[in-house]
Amino acid sequence: MLDNGGMNPEEFRAAGHELIDWIADYRLRVGSLPVRSSVQPSDVRSALPELPPEASEPVRALLDDLDSIVVPGLTHAQHPRNFAWFPSNASLSSVLGDIAASGIGALGITWQSAPALTEVEQVVCDWLRRLTGLSEAWHGTITDGASTACLVALLVARERASDGSQRRGGLQAERAPLVAYCSEQAHSSVTKAALLAGYGADNLRYVPAPAPDRAMEPHELDSLMSADERSGRRPAVVVATAGTTGTAGFDPLRAVNEVARAHGAFVHVDAAMAGSAMLLAEHRHLFDGIEEADSLCWNPHKWMGSVLETSLFYVKDPPELVRVLATDPSYLRSSVDGSVVQFRDWGLPLGRRFRALKLWFQLRLDGPEAIRARLRRDLENAARLAALVKAEADWQVLAPVQLQTVCTRHVPLGLAGDDLDAHTLSWCEAINRSGLAHLTPAILDGHWMVRVSIGAEATEWADVEALWELMKTTAGETATGSTS
Ligand SMILES: *Cc1c(COP(=O)(O)O)cnc(C)c1O
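Residues numbered from 1 in each chain as written. Predicted model: local features only at pLDDT ≥ 70, side-chain atom pairs only at ≥ 80, totals over all residues. Heavy atoms only, no water.

(A) Spotlight on the packing of helix H13 (residues 417–434) against helix H14 (residues 461–479). In contact at an axis separation of 9 Å, H13 and H14 are set at 130° when each is read in the N-to-C sense. Relative to H14, the element H13 lies oblique. Considering only the axes of H13 and H14, their crossing is right-handed. Only Leu470, Met471, Thr474, Ala475, Thr478 and Ala479 of H14 make contact with H13, whose side of the interface consists of His423, Ser426, Trp427, Ala430 and Ile431. Taken together, the residues of the contact of H13 with H14 break down into 7 nonpolar, 4 polar and no charged. (Axes fitted to C-alpha atoms, helices over the stretch in contact; angles between N-to-C directions. Helix = DSSP H or I, 4+ residues; strand = E, 2+ residues; numbered from the N terminus. Parallel < 35°, antiparallel > 145°, perpendicular 65-115°, else oblique. Left-handed = near helix turned anticlockwise from the far one by under 90°. Contact = heavy atoms within 4.5 Å. Nonpolar A, V, L, I, M, F, W, Y, C, P; charged D, E, K, R; others polar.)

Here it is as structure tokens:
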């Protein structure tokens, strides 16, 4: 122990080895655990004491509690039969980068406070820019998530459209209300960002995105923007989605950008989930027109497999970003200001972790080739599943399968409306309750469907095939009332 009672480096070494072993063992056995946690609210809290023990405990005691209290309290995102929400992969190579970042404990508040932190971040953002086929016009930074990136984009758009209103009376002094647009399929974080950035719910337009593609209709966007101009409002920003949450649909980025530009609006592209597909040259056509946008975001912490809070935010015009977000207190100044990037001026927080190491480790230890191969595996598994579903008379695929998400519904003869909804929720819940696989139900066109989001790192075709058998049996039994 250190004189101050803290862990010394030798103790850290020993405990760290135990922890790494524990993590490796967890990953080895995760596939044998129930996917969805069956704990009830407060079970975890009540298993833990009201105060930590006063005296130091051995690391073994913590690892035991991880096993007996924490693991049962988890729905396992790394499970090969996890098909819920989106792939939230945490590749072990990236885990090592995360541990390195914590171990180094750098303080990222200015370039000078940790020059390598800033510059490795620039390097990995550039690496991924090139690997995804984006041009040199883009300058990237790492944020915690797509929600934050969208908020920042909407703040910058607000300031562009109001000619820097924050330096005057803010939006409260603006005469023409600023309007934000997104498709009706956009993620809830876009609504949240528009509200937080002060646009107001009355100035947020949801552009129709009809079936089957559920892509934003550019002519509808155009008419909404024109109508707003006629009524004295100012179209300020369009958030286009590449890879929607419901069906992994794509807004037509080129057409949306053209319309937005004609009305002088900023364009942010939310590619949080699907951005990983830009790593595959054969899928870049889905993102055609992305180069015309002002900012974009995608999350390597989803399908690509970096540990969470690794979201890439790229802008065309960093000085514009800095004008909106910069502060310049005396204690943060240094002699190199002006010649270096200060990432604190590119986002909301001042202090940042060495997040870039999660990407740096993953890209170097796994390598882009293996990452691309895994993404292609998932795309092929999704296509194979979709073909099996379509081949069954009483099953439907509800949206084009452009990536790794398959939207399904089991439609037994004679079932419709509320009864069909009840059936859908019932077989999905039966699967989730079984712990054998995990799926997310969601509402599409007013009715429940089940999303199969393929792409957990451990998921192989055998897992998808087993899921499909489970879906057929469970939905069949639910329809005939053999289970409740
Ligand atoms: C996941 C997702 C988000 C939210 O991302 P966070 O990083 O969790 O904030 C936003 N938009 C889309 C399309 C997403 O898939």
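(B) Region of the structure containing the environment of His447. By the element assignment, His447 lies in strand E11 (residues 447–453). Along the primary structure His447 and Val71 are separated by 376 residues, whereas in three dimensions their C-alpha atoms are 34 Å apart.

(C) Structural context of the domain arrangement of the protein chain. Examined at the domain level, the protein chain breaks down into domain 1 (9–32 + 37–74), domain 2 (99–365) and domain 3 (375–483). Between domain 1 and domain 3, the C-alpha centre-to-centre distance is 34 Å. (Domains from an automatic or database assignment.)

(D) The arrangement of the site of the ligand in detail. Around the ligand lies a shell of 13 residues, among which Ala146, Ser147, Asp270, Asn299 and Lys302 are the nearest. Contacts to the ligand include Ser147, whose side-chain N or O atom sits 2.6 Å from an oxygen atom. One of the side-chain nitrogen or oxygen atoms of Lys302 is found 2.8 Å away from an oxygen atom of the ligand. Here the ligand has 380 Å² of accessible area as a free molecule, and 86% of this is covered by the chains. Its residues assigned to classes, the shell around the ligand comprises 3 nonpolar, 8 polar and 2 charged. (Near = heavy atom within 4 Å. Polar contact = N/O pair within 3.5 Å; in protein donor to acceptor, adjacent residues only side chain to side chain. Areas by Shrake-Rupley, 256 points an atom, 1.4 Å probe, with all protein chains shown as cover.)

(E) Structural detail: the sheet that holds strand E8 (residues 395–397). Reading across the sheet, the 4 strands line up as E8-E9-E11-E10 and stay open at both edges, with antiparallel pairing between neighbours. The open sheet terminates on both sides in strands that have one partner only, identified here as E8 and strand E10 (440–444). Between one strand axis and the next, the sheet turns through 40° on average, direction left out of account. By the bridge criterion, 3 bridges tie E8 to strand E9 (residues 405–410) in an arrangement that is antiparallel. (Pairing = 2+ DSSP bridges.)

(F) Representation of the pairing of E9 in the model. The buried fraction of E9 amounts to 6 of the 6 residues, a majority that puts the element mostly inside the structure. Of the two faces of E9, the one carrying Thr405, Cys407 and Arg409 and the one carrying Val406, Thr408 and His410 are both buried. As paired strands, E9 and E11 are joined by 4 bridges and run antiparallel to one another. Paired with Thr405 across the two strands is Ser453, which belongs to E11. (Buried < 20%, exposed > 50% of the residue type's maximum accessible area, 1.4 Å probe, protein only.)

(G) Representation of unusual backbone geometry. That bond from Ala211 to Pro212 is cis: its omega, 5°, falls within 30 degrees of zero. Within the secondary structure, Pro212 sits in the loop between strand E3 (204–207) and helix H8 (218–230). Located in the positive-phi region is Ser42, a residue other than glycine, with phi close to 80°. Note on placement: Ser42 falls in the loop between helix H1 (9–29) and helix H2 (43–46). We classify Ser42 as partly exposed; its relative accessible area is 45%. Although it is not a glycine, Trp85 adopts a positive phi angle of roughly 40°. Inspection of the secondary structure puts Trp85 in the loop between helix H3 (59–70) and helix H4 (92–104).

(H) Fine view of the pattern of salt bridges. Scanning all chains against the criterion turns up 25 salt bridges. A salt bridge links Arg60 to Glu18, with the nearest nitrogen and oxygen atoms 3.5 Å apart. With a gap of 42 residues between them, Arg60 in helix H3 and Glu18 in helix H1 connect regions that are remote in the sequence. In this structure Arg60 comes out as partly exposed when scored by relative accessible area, which is 40%. Between Arg433 and Glu429 there is a salt bridge; the shortest N-O distance is 3.8 Å. Of this pair, Arg433 and Glu429 both sit in helix H13, 4 residues apart, which is roughly one turn of the helix. (Salt bridge = Lys/Arg side-chain N within 4 Å of Asp/Glu carboxyl O.)

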